Amino acid sequence: MKKLNILLLSALAAVSGSALAMGGTVEQGKNFTNLNLEMGKSSSGLYVESNWLKNTEDGTQTGGVGAGYNLEVGPVMLNAGAKAIYLGPKKGDNGVAFPIGGGVNVALTDSIHVYGEGYVAPEGLNNSVKNYVEANGGVSWTPITPVTLKVGYRHVSVDGKDGRPGHTLIDGAYVGGGVTF
């Protein structure tokens, strides 16, 4: 079994042997800011990413790192991955979550893409809440390489446990921009 795992990991690394583009984006909603850094997210193969998300109204924040695998099928990029997220809501349920999920990015033209992703960490994959959910979707436009502009909608919420209520950390539309090099 160990040899099979090594062989599988080697095959995935070989398939993802293309150059890994690096990038960063900033998204601003009415009541939140999201900063994201990534490497390899725009090409087939392995990718890593990190983000910091803050609710500017009540100080709630999350931050984390993630890794996954992209598979490009024509104009569609599918990905699956996992994250390690620090939860810092101001409701007494600070902790960590390990959500798993994935997403899709569809190229409508060379410069316009529609994207969506979702991650979930049920009770067994976190230490302070019953369930963690995040979803993000929108449209991106690349007027000139390396600049990308985005509009979308982001939602992050938790279901409380041990008598603490569930609550929404982030929920709303955003505009953003980023650079990939």
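So, here's what we can say about the structure. Since we're looking at a predicted model, the values are computed, not measured.

Rules and cut-offs
All residue numbers refer to position in the chain's written sequence, counted from 1. Given that this is a predicted model, residues contribute local features only at a pLDDT of at least 70 and side-chain atom pairs are listed and counted only at 80 or more, while totals for whole chains, interfaces and linings are drawn from all residues. Based on all heavy atoms of the structure, the side-chain values leave hydrogens and waters out of the count. In this description a helix means any DSSP run of H or I spanning at least four residues, a strand means any run of E spanning at least two, and both kinds are numbered starting from the N terminus. In this scheme, a residue with accessible area under 20% of its type's maximum is buried, one over 50% is exposed, and one in between is partly exposed, where area comes from a 1.4 Å probe on protein chains only. In protein, a polar contact means a hydrogen-donor-capable atom and an acceptor-capable atom, both N or O and within 3.5 Å, with residues adjacent in sequence counting only if both atoms are side-chain atoms; elsewhere, any N or O pair within 3.5 Å suffices. Contacts were defined at the residue level, with two residues in contact if any of their heavy atoms lie within 4.5 Å. Centres within 6.5 Å are what make two rings of Phe, Tyr or Trp a pair, Trp counting through its six-membered ring; a difference in plane orientation under 30 degrees is then read as stacked, over 60 as edge-to-face, and the rest as tilted. Throughout this description, the term charge over a ring refers to an Arg CZ or Lys NZ atom that lies within 6 Å of the ring centre and within 35 degrees of the ring normal. At least two bridges found by DSSP between two strands is the condition for calling them paired.

## Things to note about the side chain of Asn 51
In this structure, Asn 51 sits in strand β3 (residues 45-55). On the accessibility criterion, Asn 51 (18% relative accessible area) is buried. Here Asn 34 takes part through its side chain, which lies 3.1 Å from a polar atom of the side chain of Asn 51. When sequence neighbours within four positions are dropped, the list of residues in contact with Asn 51 reads Asn 34, Leu 35, Asn 36, Thr 62, Gly 63, Gly 64 and Ile 85.

## Looking at the packing of aromatic side chains
Counted under the stated rule, the structure contains one aromatic pair. Relative to Tyr 174, the ring of Phe 32 has its centre 6.4 Å away and its plane inclined at 75 degrees; by these criteria the two rings are edge-to-face. Within this pair, whereas Phe 32 is found in strand β2 (residues 32-39), its partner Tyr 174 is found in strand β11 (residues 167-180), the two being separated by 142 residues in sequence. A cation sits over an aromatic face here: Lys 150 above Tyr 115, 5.1 Å from the ring centre.

## Some words on the pairing of strand β5 (residues 76-88)
Summarising the sheet, strand β4 (residues 61-73) and β5 pair through 13 bridges and their orientation is antiparallel. By the bridge assignment, Glu 72 is partnered in β5 with Met 77. Linkage of β4 to β5, two consecutive antiparallel strands, is achieved through a turn of two residues, within which Gly 74 is found at a positive phi near 60 degrees. The pairing of β5 with strand β7 (residues 100-107) spans seven bridges and is classified as antiparallel. Following the sheet pairing, Gly 81 is matched in β7 by Gly 101. Pairing analysis gives three bridges linking β5 to strand β6 (residues 95-97), with the strands arranged antiparallel. By the bridge assignment for β6, Leu 87 is matched with Gly 95.

## Some details on unusual backbone geometry
That bond from Thr 145 to Pro 146 is cis: its omega, 20 degrees, falls within 30 degrees of zero. Structurally, the position occupied by Pro 146 is in the loop between β9 (131-144) and β10 (147-159).

## Some details on the environment of Thr 180
Checked against the element boundaries, Thr 180 lands in strand β11. For Thr 180, a relative accessible area of 29% translates into the label partly exposed. For the pair formed by Thr 180 and Pro 146, sequence separation is 34 residues and the distance between their alpha carbons is 5.1 Å. Those residues within four positions of Thr 180 in sequence are excluded, and the remaining contacts are Ala 21, Met 22, Gly 23, Glu 38, Ser 42 and Pro 146.

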